[in-house]
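Observations on chain architecture
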2 protein chains.
Amino acid sequence: MDLSQLPFTELLRAFGSNEPTPGGGSASALAGAVGASLLAMVAGLPKPRVQAQGDARSLAAAATGAADLSARMAALMNADSDAYNLVVSAFRLPKGTDDDKRARSERIQEALRAATETPLDVMRACEQTLQLAKVVATFGNRNASSDVGVAVELLMAALRGARLNVDVNLGSITDKTFAGTVAREAAQCLADGERHAQAAISQLAVER
Amino acid sequence: MDLSQLPFTELLRAFGSNEPTPGGGSASALAGAVGASLLAMVAGLPKPRVQAQGDARSLAAAATGAADLSARMAALMNADSDAYNLVVSAFRLPKGTDDDKRARSERIQEALRAATETPLDVMRACEQTLQLAKVVATFGNRNASSDVGVAVELLMAALRGARLNVDVNLGSITDKTFAGTVAREAAQCLADGERHAQAAISQLAVER
């Protein structure tokens, strides 16, 4: 199912249903996609506060970058549900014989690693988008400051929400090298994202 | 335009476009609606951790309440854009004569008050939904803890985002009594919401 093609009310119904997907991972990607779109909007508004040609170029690059990241997160909204559905299928594999059990375990672990990569990708995309938020907060039309503020809130919620989904999968992953590498990157991503968010918000406050 | 009927990719495009709406106010309502739907989902899952009949009743009431609040916020996503479009129209009224100016000013103020009520309604809905989040965190299926965590993140982002939209309108409102009343309620709503969110998150941590 392509969630991103559903009318919004249908998408809400899907999040509210008892089906295993879509869940919090897809909801985080969705929030990130909306935050990135808001930033792209502000970056493209007339009357930017650019002084040098370099400022205008940075803002134009932020507009394109934010639009691309929004599309990437919309795709990750689907990818997260697909990845989680594979985890559910793996858990339903037969476990009659020792061979069955071994094969099932391997498939579960494989599916869990894939289902961890997706929210990690959402975290990476949110971190990159928050980096652009500072540029938009600095050079974008000041009348849209509250839109930048909302974008930062949504992107931070998406980043933290995706982190919860990374963590919940890591708890069941037996490959400790993989788990350690992912945990370190997730922690770094969150810290970087928080730093960018603070920088963007300080910039909005300065410019009032 | 009924935003809630748009396919999600179209909705993203609308947020990213240069048109005055939808903007951060609608994006906040959207995030709140998704958070509420996730809570409704968790509240309806099998294997809740209810011990007494009262627990089951509280959880069932939270499921219905969260679904209703989700629908209300989806409607507020539209209402916020409609209200802001009226502000934009009021600013475009003629200002040739003194009478024109007076009429225009009145219409602008009227539209701004309405455009302030909508994000305030989003704040109220988020605060009420966060109250339900504690119930869901306490009694819902523990395997869905990360979904409750994501819901709380989205609802807090929606609450803070809606607050930014209340504040930006209050800055232009000349009726100081109205502005004072709204500012007090918004501050209280935010404080209550943060308290509920903390309680829900503590509950999730206890139950691990």
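Note that the coordinates shown come from a computational prediction; the quantities given were computed from them, not determined experimentally.

Brief notes about the pattern of salt bridges
When the charged atoms of two side chains with opposite charge come close together, those side chains can pair. Residue and element names in this part refer to chain A. One pass over the structure, following the stated rule, counts 15 salt bridges over all chains. Ionic pairing is found between D167 and R163, a salt bridge with its closest N-O pair at 3.6 Å. Taken together, the positions of D167 and R163, both in helix α5 (residues 145–170) and four residues apart, correspond to about one turn of that helix. By relative accessible area, R163 is classed as partly exposed at 22%.

Concerning the interface of chain A and chain B
Each partner contributes residues to the interface: chain A has 42 residues there, and chain B has 42 residues. Both faces combined, the contact of chain A with chain B buries some 3,300 Å², and carbon together with sulfur accounts for 68% of it. Three residues stand out in chain A for area buried against chain B, namely F8, L12 and E153 of chain A, and they jointly supply 18% of the buried area on that side. Counting every contact that joins chain A to chain B gives two salt bridges. In this structure, R160 of chain A engages E153 of chain B in a salt bridge whose closest nitrogen and oxygen atoms are separated by 3.3 Å.

Describing the side chain of S81 of chain B
All names here are of chain B. Structurally, the position occupied by S81 is in helix α3 (residues 53–91). Assessed through its relative accessible area of 5%, S81 is described here as buried. In contact with S81, not counting residues within four places along its chain, are L3, T21, P22 and S26.

Quick notes on the layout of surface pockets
Taken as a whole, the largest pocket encloses approximately 1,200 Å³ of empty space. Forming the walls of the largest pocket are 39 residues, and the residues nearest its centre are N143, A144, S146 and D147 of chain A together with Y84 of chain B. Looking at the lining of the largest pocket, the elements that each hand over two or more residues are α5 of chain A together with α2 (24–43), α3, α4 (98–139) and α5 (145–170) of chain B. The biggest single contributor to the lining of the largest pocket is α3 of chain B, with six residues. Residue composition of the lining of the largest pocket, grouped by class: 16 nonpolar, 14 polar and nine charged. Of the voids in this model, the second largest pocket is the one considered here, and its volume is about 910 Å³. As for the second largest pocket, its lining consists of 31 residues, and the residues nearest its centre are Y84 and V88 of chain A together with N143, A144 and D147 of chain B.

Remarks on the packing of α4 of chain B against helix α6 (residues 176–206) of chain B
Residue and element names in this part refer to chain B. Their axes nearest at 8 Å, the elements α4 and α6 cross at an angle of 20°. By the criterion of interaxial angle, the relationship of α4 to α6 is roughly parallel. The handedness of the crossing between α4 and α6 is left-handed.

Some words on the packing of helix α2 (residues 24–43) of chain A against helix α3 (residues 53–91) of chain A
All names here are of chain A. Where α2 meets α3, the axes come as close as 8 Å, and the angle between the chain directions of the two elements is 165°. Relative to α3, the element α2 is oriented roughly antiparallel. Of the two elements, α2 crosses α3, and the hand of that crossing is left-handed. Looking at the contact of α2 with α3 residue by residue, the class counts come to 17 nonpolar, six polar and one charged.

Quick word on the confidence of the model for chain A
Residues and elements named next belong to chain A. Counting all residues, the mean pLDDT for chain A is 96, and 99% of those residues have values of 70 or more. Of all helices and strands in chain A, the one with the weakest mean pLDDT is helix α6 (residues 176–206) (96), whereas α2 scores best (98). Our summary of model confidence lists the complex with pTM equal to 0.97 and ipTM equal to 0.96.

Some remarks on the side chain of N141 of chain A
All names here are of chain A. Of note, N141 is situated in the loop between α4 (98–139) and α5. Take N141: its relative accessible area is 12%, and that puts it in the buried class. Polar side-chain contacts of N141 include one of 2.9 Å to the backbone oxygen of P46. Polar contacts involving the side chain of N141 include one to the main-chain amide nitrogen of N143, which spans 2.7 Å. When sequence neighbours within four positions are dropped, the list of residues in contact with N141 reads V42, L45, P46, K47, P48 and R49.

Notes on the relation of the copies chain A and chain B
Two copies of a chain can be linked by a rotation about an axis combined with a shift along that same axis. The two copies are related by a screw operation: chain A maps onto chain B through 180° of rotation and 0.0 Å of translation along the axis, at an RMSD of 0.0 Å. Such values leave the two copies arranged in the relation of a two-fold axis. Identified as the residue of chain A closest to the rotation axis by C-alpha distance is P7 of chain A, at 1.9 Å. Of all interface residues in chain A, 100% are interface residues in chain B too; the two copies therefore contact each other through one and the same surface.

Re the environment of G32 of chain A
All names here are of chain A. In this fold, G32 is placed in helix α2. Taking relative accessible area as the criterion, G32 reaches 0% and is therefore assigned buried. For the pair formed by G32 and G149, sequence separation is 117 residues and the distance between their alpha carbons is 13 Å. For G32, the contacting residues outside a window of four places in its chain are M73, C126, L155 and A158.

A word on the state of the cysteines
All names here are of chain A. Here the structure, examined in full by the defined rule, presents zero disulfides over all chains. Residue C189 stays outside any disulfide, its sulfur separated by 8.3 Å from that of C126, the closest cysteine. Overall, C189 belongs to the buried group, its relative accessible area being 6%.

Calculation criteria
Starting from 1, residues in each chain are numbered consecutively following that chain's sequence as written. The order in which chains are written sets their letters, starting at A; the order in which ligands are written sets their numbers, starting at 1. Given that the model is predicted, a residue must reach a pLDDT of at least 70 before its local features are reported, and side-chain atom pairs must reach 80 or more before they are shown or counted; all residues, however, enter totals for whole chains, interfaces and linings. Side-chain calculation: all heavy atoms of the structure are included, whereas hydrogens and water are not. Within this document, salt bridges are pairs made up of a side-chain nitrogen of Lys or Arg and a carboxyl oxygen of Asp or Glu, the two lying within 4 Å of each other. Helix and strand assignments follow DSSP, with helices taken as H or I runs no shorter than four residues and strands as E runs no shorter than two, numbered in order from the N terminus. Burial classification: accessible surface area is computed with a 1.4 Å probe over protein chains only, and a residue below 20% of its type maximum counts as buried, one above 50% as exposed, and the rest as partly exposed. Should any heavy atoms of two residues lie within 4.5 Å, those residues are counted as being in contact. Summed over both partners, the accessible area lost on bringing two parts together, with a 1.4 Å probe, is the buried area. Think of a 1 Å grid over the protein atoms and nothing else: a 1.4 Å probe that fits but is trapped marks a cavity, an open set flanked by protein within 12 Å on at least five of seven lines marks a pocket, and residues with an atom within 4 Å of a point count as lining. Grid points are joined across faces, edges and corners, and a volume is the space filled by probe spheres set on the points. Lys, Arg, Asp and Glu make up the charged group, whereas Ala, Val, Leu, Ile, Met, Phe, Trp, Tyr, Cys and Pro make up the nonpolar group; the residues left over, Gly among them, are polar. Axis definition: a line fitted to C-alpha atoms, limited for helices to the stretch in contact. Angles are taken between N-to-C directions and run from 0 to 180 degrees. An angle below 35 degrees is read as roughly parallel, one above 145 as roughly antiparallel, one from 65 to 115 as roughly perpendicular, and any other as oblique. Two helices cross in a left-handed way if the nearer one is turned anticlockwise from the farther one by less than a right angle. They cross in a right-handed way if the turn is clockwise. Scored from 0 to 100, pLDDT reflects the predictor's confidence in each residue. Think of a polar contact as two N or O atoms within 3.5 Å of one another; within protein, one of them needs to be a possible hydrogen donor and the other a possible acceptor, and neighboring residues in sequence only count if both atoms come from side chains. When the copies are superposed, the least-squares fit takes in the C-alpha atoms of residues with a pLDDT of at least 70 in both. The term disulfide is used for any two cysteine sulfur atoms that are within 2.5 Å.

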